[in-house]
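Report on the structure
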Amino acid sequence: MSVVGVGVDIVKIEKICNAIGKWGDAFLSRVFDDEELAKITKNKLYYQRLAGRFAAKEAVIKAISKSQQFALKDIMILNKPNGAPYCKLTKDIGMEIMLSITHIEDYAVACAVAQKIEN
Ligand SMILES: CC(C)(COP(=O)(O)OP(=O)(O)OC[C@H]1O[C@@H](n2cnc3c(N)ncnc32)[C@H](O)[C@@H]1OP(=O)(O)O)[C@@H](O)C(=O)NCCC(=O)NCCS
């Protein structure tokens with residue numbers, strides 16, 4: 001596999017809180033798939049984890065380049081049993097995405113690396 005793109009994004013947690021305050025479930029269902037939402041417990045990290053996923057989706061879009069048309073919801077961010085994030089795309093684009101996410105009280109940051117799968 002060879003690296004074909006990299007992307008990074010930062011999201012202010014407040015932006016996610018405000019969007020949910022204003023648009024509620026309409027915002028959540030526009031950005032996140034049910035499978036993602038089902039895995040995010042509504043505890044004190046709820047908004048941080050949503051913001052981390054939002055940042056990850058934007059980082060993935062940067063990594064795969066804008067020539068690939070993806071809605072945010074088509075880029076699912078899930079966690080492996082050990083907690084590490086991974087990306088599931090609704091369309092096969094012949095790429096594997098590697099991800100890293102971090103979040104603190106005010107910000108979430110994500111980085112994505114796209115690798116081309118060589119047959
Ligand atoms: C995995 C670990 C590095 C996460 O660090 P953290 O500062 O607690 O949390 P961050 O906000 O930076 O990152 C959280 C994100 O890390 C990612 N993550 C969790 N486990 C992971 C793992 N095993 N591998 C890669 N990424 C992981 C997740 O995406 C998580 O966000 P999410 O749950 O919303 O998806 C940390 O829990 C860990 O295991 N550290 C090992 C060192 C240690 O044990 N230190 C404590 C003794 S001093």
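Let us look at the structure shown here. Just so it is clear, the model here is predicted, and its values are computed rather than measured.

Describing helix 1 (residues 13-23)
Residues of helix 1 that are buried: Ile-13, Ile-16, Ala-19 and Ile-20. On an axial view of helix 1, the arc spanned by its buried residues comes to 130 degrees, and they lie on one face. The outward face of helix 1, more than 90 degrees from its buried face, is lined by the exposed residues Gly-21 and Lys-22. Packed against the buried residues of helix 1 are strand 1 (2-12), helix 2 (25-31), helix 4 (46-64) and strand 5 (107-116). Backbone geometry just downstream of helix 1 places Gly-24 in the positive-phi region, at approximately 55 degrees.

Brief notes about the sheet that holds strand 1
With antiparallel pairing, the three strands of this open sheet are ordered in space as 1-5-4. Strands at the two margins of the open sheet, each flanked by one partner only, are strand 1 and strand 4 (95-103). Taken over all neighbouring pairs, the strand axes of this sheet differ in orientation by 15 degrees on average, direction set aside. In the sheet, strand 4 pairs with strand 5 via nine bridges, with the strands oriented antiparallel. Along strand 5, the bridge assignment pairs Glu-96 with Gln-115. Across the face of the sheet, helix 1 comes into contact with strand 1 and strand 5 while running at roughly 70 degrees to strand 1. Sitting on the sheet, helix 4 touches strand 1, strand 4 and strand 5, and the angle it makes with strand 1 is about 145 degrees.

Observations regarding the environment of Glu-58
Looking at where Glu-58 falls in the secondary structure, it is placed in helix 4. Along the backbone, Glu-58 and Val-11 are 47 residues apart, and their C-alpha atoms lie at a distance of 9.6 Å.

Looking at the packing of helix 1 against helix 4
Interhelical geometry of helix 1 versus helix 4 gives an angle of 100 degrees and a closest axis separation of 9 Å. The pairing of helix 1 with helix 4 is recorded here as roughly perpendicular in orientation. Residues Ile-13, Lys-15, Ile-16, Cys-17 and Ile-20 of helix 1 touch helix 4, and the partners they reach there are Tyr-47, Gln-48, Leu-50, Ala-51 and Phe-54. Its residues assigned to classes, the contact of helix 1 with helix 4 comprises eight nonpolar, one polar and one charged.

Notes on the packing of aromatic side chains
Taken as a whole, this structure holds two aromatic pairs when the rule is applied. When the ring of Phe-27 is compared with that of Phe-54, the centres are 6.4 Å apart and the planes differ by 15 degrees; the resulting orientation is stacked. One end of the pair, Phe-27, is in helix 2; the other, Phe-54, is in helix 4, with 27 residues separating them in the sequence. Assessed through its relative accessible area of 7%, Phe-27 is described here as buried. A ring pair is formed by Tyr-46 and Tyr-47, whose centres lie 5.2 Å apart and whose planes are at 70 degrees; its orientation type is edge-to-face. Since its relative accessible area comes to 8%, Tyr-46 is described here as buried. Cation over ring: Lys-91 sits above Phe-70, and NZ or CZ is 4.8 Å from the ring centre.

What counts, and where the lines are drawn
- Residues numbered from 1 in each chain as written.
- Predicted model: local features only at pLDDT ≥ 70, side-chain atom pairs only at ≥ 80, totals over all residues.
- Heavy atoms only, no water.
- Buried < 20%, exposed > 50% of the residue type's maximum accessible area, 1.4 Å probe, protein only.
- Helix = DSSP H or I, 4+ residues; strand = E, 2+ residues; numbered from the N terminus.
- Arc of directions from axis to C-beta.
- Contact = heavy atoms within 4.5 Å.
- Pairing = 2+ DSSP bridges.
- Axes fitted to C-alpha atoms, helices over the stretch in contact; angles between N-to-C directions.
- Parallel < 35°, antiparallel > 145°, perpendicular 65-115°, else oblique.
- Nonpolar A, V, L, I, M, F, W, Y, C, P; charged D, E, K, R; others polar.
- Phe/Tyr/Trp six-rings, centres within 6.5 Å; stacked < 30°, edge-to-face > 60°.
- Lys NZ or Arg CZ within 6 Å of the ring centre and 35° of its normal.

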